[in-house]
There are 2 protein chains.
Amino acid sequence: RKDSLWKRFVAFHDALSGWLCVLLIAINIGIIAAMVDIGAVWLTNIKVGICLPAFYLSQEHCCWTASNQTYDQYQHVHCANWHQWSSLFHVTSNTVAEYAVNYVAYVVFGCTFATVCAILVKTFAPYACGSGVPEVKTILSGFIIRGYFGAWTLLIKSIGMILGTSANLLLGKEGPFVHCSSCCGNIFARLFPKYGQNEAKKREILSAAAAAGVSVAFGAPIGGVLFSLEEVSYYFPLKTLWRSFFCAMVASLMVKLLSPFENQHRGLFYVGNNYRWFYFEMIPFLLLGILGGLFGALFIKSNIAWCKIRKTTRLGRYPVIEVILVALVTLLISYPNPYTRMPMSTLIRRLMTSCELDDESLLCDYQRNSTSAYEKNEAAKPLTGVWMSVGLLSSALVTQTILFIFTFGIKVPCGLFIPSMTLGAITGRIIGILFEACVYYWPNFFLFTIECSTADEQCVAPGFYAVVGACAFLGGVTRMTVSLVVIMVELTGGLSYSVPLMCTALVSKLVGDALVGEGIYDAHIKLNNYPYLDVKAEFIDQATAVNVLESKQEKTELIMLPRDGLTLNELMTIVRTYKYNGYPVIASQEEASIIGFVLRRDLQLIIQQRILTNGESNTNLLISFSRTIQQHQQSNLIHLYRLLNRSPTTITLDTPTTTIIDLCRKLGAQTILITNDKGHLVGLLTKKDIITYVKQKKN
Amino acid sequence: RKDSLWKRFVAFHDALSGWLCVLLIAINIGIIAAMVDIGAVWLTNIKVGICLPAFYLSQEHCCWTASNQTYDQYQHVHCANWHQWSSLFHVTSNTVAEYAVNYVAYVVFGCTFATVCAILVKTFAPYACGSGVPEVKTILSGFIIRGYFGAWTLLIKSIGMILGTSANLLLGKEGPFVHCSSCCGNIFARLFPKYGQNEAKKREILSAAAAAGVSVAFGAPIGGVLFSLEEVSYYFPLKTLWRSFFCAMVASLMVKLLSPFENQHRGLFYVGNNYRWFYFEMIPFLLLGILGGLFGALFIKSNIAWCKIRKTTRLGRYPVIEVILVALVTLLISYPNPYTRMPMSTLIRRLMTSCELDDESLLCDYQRNSTSAYEKNEAAKPLTGVWMSVGLLSSALVTQTILFIFTFGIKVPCGLFIPSMTLGAITGRIIGILFEACVYYWPNFFLFTIECSTADEQCVAPGFYAVVGACAFLGGVTRMTVSLVVIMVELTGGLSYSVPLMCTALVSKLVGDALVGEGIYDAHIKLNNYPYLDVKAEFIDQATAVNVLESKQEKTELIMLPRDGLTLNELMTIVRTYKYNGYPVIASQEEASIIGFVLRRDLQLIIQQRILTNGESNTNLLISFSRTIQQHQQSNLIHLYRLLNRSPTTITLDTPTTTIIDLCRKLGAQTILITNDKGHLVGLLTKKDIITYVKQKKN
């Protein structure tokens, strides 16, 4: 009874440590995310102007309580407290000069941020560059990149995110957040021996941390867990699902608690259940899906091509100069167009919002017959303002797409969710406006009459097309599925849109997969030659272990250590000559039945110890891997039984390749021993051999 | 080039067949669900009365267009077209007689439905009884129950669901829907050889079908997928996630398309984002969580105890009489209380809805100072009506809990989501009303003043407590986690409630797990002794295969077939004597290296064929499992090489038990061969041995 209570306590403590660990991670990444958010908003505003009474306030917060708020055509707030740089330098008389001063300030500040960011990354933490998701995926599949999840990387990546987004570069924060929270996960896992000392257990914590990363980036805890499950994690044990969810939830709650002016319970691009969709709208939605797939394929192809050029030519040697150039071009191009001048998340929010009747912005320049808020919001005649913004948005689409291709992959922290969504939202809104115009000018077209005539709500809402477009473009680039739909639902807060979003994501994935067979993350994994065995692809093959063995390109010699009789000297030669991960141990050279597997690392340690204590003198000592040894032998024998992994993964020559792949994927086997009919060792396959084989078969 | 195109086409067709299969399943289960829904509503209403102009209309649809609609205190609609049984028999003068006639009609109809249901199940499809989720779980873990997914079961279970819910029994439809859609999955999988002929592939389809089951029951496609992932499926390959989601989505869309009067884009218990929650409300929410955990433990303990009594005593021999008795008691008790008289889903919807200012029902009998819909809905003084309904709800809580314990497990199709949620919603609403009264009477209590004074919305909304209560009670019974929260969010359409729902579910699971270590489904699996190896429990053990072998209780003899030299006669004796699943084949009795594994089923077939063709005469024929045989031997030899599984799962004696369990869980190994240092066979473990070992260790 007492014993059972003690056991229960131990089990409880054991279970608790995991929860405590993810709680710490969640709180930490929540705080980091809130700081990044606040910092980025402030720095972004500094490019434009400053709040004179309190320099630390952003434009929005500066005008929060001001009595003289005005809104311009693009829904920017203005007030007396907020000073653009031109007015600060008293250049207000001449419009051209005013524009020039503001333009220069914008470009100079932006370039400075980008430069500082690139220098920080290059000097202190080279791993902090890029999205991080391909690397996190690879690490979770069992590969080890030392230092990738270090404290410096975390710090520099967090600062880099603030600087990068403030510089108006075409990059987002979700990928870097996944990387940052994995860093947090790695750091905190060290505090708990259960997780810090066991790579497999640590990966459970890292999966949860990855979920928290997406969760804080978007305030989408469920989407974050599904993203971790679907895209990032290699093997996601169900028992950690709940813990990941907890981690994601606490992290997103932390961000909301710490962001003082945010609406605490709503998504980033909240539109609620305001829109209603009709079945005939499936046609433009599917069109958006196709466009999304095309965009994804175009982006992946050109981005990978450009990254290859960067890798192989001299360009790769000047990362800081590349960042400065990209930033300069981006800033110069984006200032003149008000839609690209504003931060991307602001633009997305604006594009997804529907036009209220009293809205006077350029995008909502419709001829309304009624101004009563209680009447039905019917299709209205678009005026010049609408067509002007369509023009501005189209030009933004072209320039931003080109910039995006060159930006993703430069040596600063850069994610791709927000840029992809921006381009998608622009396309969606344009198509929405055009389609709404169709409904207005041809109301009697048979598709429109059936459903529009009975509708209570607006029949075609361009804002909703921006939502669908964002989903389509993001799907085309990343090839996410369920997690994409859930993230979009959580971002917009509209559960009733799941059907059109799913259809669009499906079409976009189909089109994308038909053109380029993999998403951007997998493409980058391939580009960098990471040893990643795709967990999702179905591998159909009739071959067996024999074929895999035969197809091995570099015929490496199979080194087997005999159980007894090897001298220390011989062992040293083997360890020095054959730099494999480890060596199988067999009964004897005549009867090659498997005794176990010994890691080269362990052997090296033993050899070093022996040489340190005894000097080079007695290298003729015998090595024994036997379980028991006779007493009289003990003196001149090194007993290595305890180093032996006595249950290495073993298969026969006739084992199908699908089983071999499952052993790697599901059980995480790194080395597989192969026996013949007699139970004798005849070959050895490493995970790398299998990855090579799968790649060969695919091409 | 041509070859590659052809390959692409084959791959495309191959991929398409899976999608087509789930599409058919989704459409089918959607149609079935819509028919069940419509049928159940109509039959439920028949107990009360009939629509005279059109007998096939339910009460709500009957009064849909009527001009003289009135609502009673419990928000039931009444109109002239709708006739209660008393008015049909012209017993309207005397209130007592009227009540009596209605009462009798209600009980007689209800009892008839229950009886028909029980007889149908007993006569045509005994497998149609119960929830089905424990069995689906077991089957997805690799066990085979023949006929469990048959067409008859599907038909009878669908009809049974209509009859069972119409009889006002304390049972729901989600579990049976999971079973029904798995039946659909099984039936349609037969059309596609890729899925029909491969058990592992078929399970992928069944996982998707299970997702569709929950999806149609609640209109919760995302929750359905997560339920399938978390609770039902044993191993959920990521590549099928998207297909499951598609299946769930199409199925829920079908139901919505076919249910003519439903709001097409909303959850079953839609409350939207209308409620706002405050941090101090966490206290009552956690209280609800604790109550949910307690309820779950109580329910599981008593229900399992009662099911054991049923199994072991004579009671189990009279299932129909048991059903009739339970129905009779349920109907007699539930008629007098208006809250139990109405269908459970109606009650839940009512409890979750907030009190509008112009609401005059009993539950909303508050003293309002204002009747303007634009003013803040403040805490108001509860009048007698509210306290009366609290009394009615409390008595309902007691009676329904007791009835629920006796109902779950009777021989009709019965799920437990809706009853658990009903009891939770009742508890939640009661606590919500009490807490609101506290806020009203002590507005200056420090917890209330801080947040309530600044709130724009109602400070404590009892309707929201019903949502939280439903989540807590369902969590206590099933121990679901992420899927529970997502299902609740989808049911209510309120994404902003995920935090309180998650906290409540967490507390309820913790409390429940501390009292009873497993959910109701696992408890029933245990009760029925299904060979199910829990996939979620972490199993910590230092033992190895040796220990498992030694702990085997029934020491079964290890039968090994030699590769050559066995006569047909000897083989027949072995097959007759040792009724194992199969036998390992070894090189020779002296050198027991493993050649392969042969199934008993295959051997039996061969023996039968031989006896049929050759008669008993030549039973001295030799059996050979060799790869090649000499020409001159051919005449008196039976060559069985092709029957051999040449890559059986093989491990060494030193393999840790955790690895053995992983082999069963993740690779689906049924029989594991064990070799010693020399590579010779020394033992054999079946999945059952391992399940027994795990159970032993746990107790």
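Parameters and conventions
- Residues numbered from 1 in each chain as written.
- Chains lettered and ligands numbered in written order.
- Predicted model: local features only at pLDDT ≥ 70, side-chain atom pairs only at ≥ 80, totals over all residues.
- Heavy atoms only, no water.
- Domains from an automatic or database assignment.
- Core = buried A, V, L, I, M, F, W, Y, C linked by side-chain atoms within 4.5 Å.
- Buried < 20%, exposed > 50% of the residue type's maximum accessible area, 1.4 Å probe, protein only.
- Contact = heavy atoms within 4.5 Å.
- Salt bridge = Lys/Arg side-chain N within 4 Å of Asp/Glu carboxyl O.
- Polar contact = N/O pair within 3.5 Å; in protein donor to acceptor, adjacent residues only side chain to side chain.
- Helix = DSSP H or I, 4+ residues; strand = E, 2+ residues; numbered from the N terminus.
- Nonpolar A, V, L, I, M, F, W, Y, C, P; charged D, E, K, R; others polar.
- Least-squares fit on C-alpha atoms with pLDDT ≥ 70 in both.
- Patch = residues over 30% accessible without salt bridge, like charges linked within 9 Å, V, L, I, M, F, W, Y side chains within 5 Å.
- Areas by Shrake-Rupley, 256 points an atom, 1.4 Å probe, with all protein chains shown as cover.

1. Considerations on the domain arrangement of chain A
Taken as a whole, chain A is organised into domain 1 (14-258), domain 2 (279-527) and domain 3 (545-698). Domain 1 of chain A and domain 3 of chain A are separated by 46 Å when their C-alpha centres are compared.

2. What about the nonpolar core?
If you look at the biggest cluster of nonpolar residues, it comprises 387 residues, and the most contacted ones within it are F218(A), F299(A), M488(A), F218(B), F299(B) and M488(B). The residues touching F299(B), leaving out its near neighbours within four places in the chain, are F404(B), I405(B), F408(B), L416(B), V477(B) and I520(B).

3. Let's talk about the interface of chain B and chain A
Contacts between the two partners involve 68 residues from chain B and, on the opposite side, 68 residues from chain A. Summed over the shared surface of chain B and chain A, the number is six salt bridges. In this structure, D654(A) engages R646(B) in a salt bridge whose closest nitrogen and oxygen atoms are separated by 3.5 Å. Counting across the chain B and chain A interface gives six residue pairs in polar contact (both at pLDDT 80 or more). At the level of secondary structure, the elements contributing two or more residues to the side of chain B that touches chain A comprise α1 (2-46), α10 (221-232), α11 (241-258), α20 (482-492), α21 (498-515), β10 (594-599), β13 (650-652) and α26 (657-667) of chain B. In terms of residue class, the side of chain B that touches chain A is built from 34 nonpolar, 14 polar and 20 charged.

4. A few points about the relation of the copies chain B and chain A
The operation relating chain B to chain A is a screw motion whose rotation component is 180 degrees, with 0.1 Å of axial translation and a residual RMSD of 0.2 Å. Expressed as a symmetry operation, the mapping of one chain copy onto the other fits a two-fold axis. Among all residues of chain B, the minimum C-alpha distance to the rotation axis is found for G679(B), at 2.5 Å. A shared binding surface is used by both copies, with 100% of the interface residues of chain B retained as interface residues in chain A.

5. A closer look at the environment of Y99(A)
Residue and element names in this part refer to chain A. Its location among the elements puts Y99 in helix α4 (residues 95-124). With relative accessibility at 36%, the residue Y99 sits in the partly exposed group. Measuring from C-alpha to C-alpha, the distance between Y99 and S86 comes to 7.7 Å, with 13 residues separating the pair along the chain.

6. Focus on unusual backbone geometry
Residues and elements named next belong to chain B. In this structure, R479 is a non-glycine residue whose phi angle is positive, near 60 degrees. Residue classification places R479 among the buried positions, given a relative accessible area of 5%. In this structure, N529 is a non-glycine residue whose phi angle is positive, near 60 degrees. Position of N529 relative to the elements: it lies in the loop between α22 (520-527) and α23 (545-551).

7. Focus on a nonpolar patch on the surface
The grouping of I27(A), I31(A), M35(A), L257(A), L258(A) and Y279(B) at the surface amounts to a nonpolar patch, some 490 Å² of accessible area in total. Listing elements by their share of the nonpolar patch, those giving two or more residues are α1 (2-46) and α11 (241-258) of chain A. Residue placement: I31(A) occurs in helix α1.

8. Quick notes on the pattern of salt bridges
All chains considered together, the criterion is met by 30 salt bridges over all chains. Across the pair E518(B) and K526(B) runs a salt bridge, and its minimum N-O distance is 3.5 Å. Assessed through its relative accessible area of 23%, E518(B) is described here as partly exposed. Taking relative accessible area as the criterion, K526(B) reaches 46% and is therefore assigned partly exposed. Salt bridges sharing partners connect three or more residues here, namely K137(A), E231(A) and D522(A).

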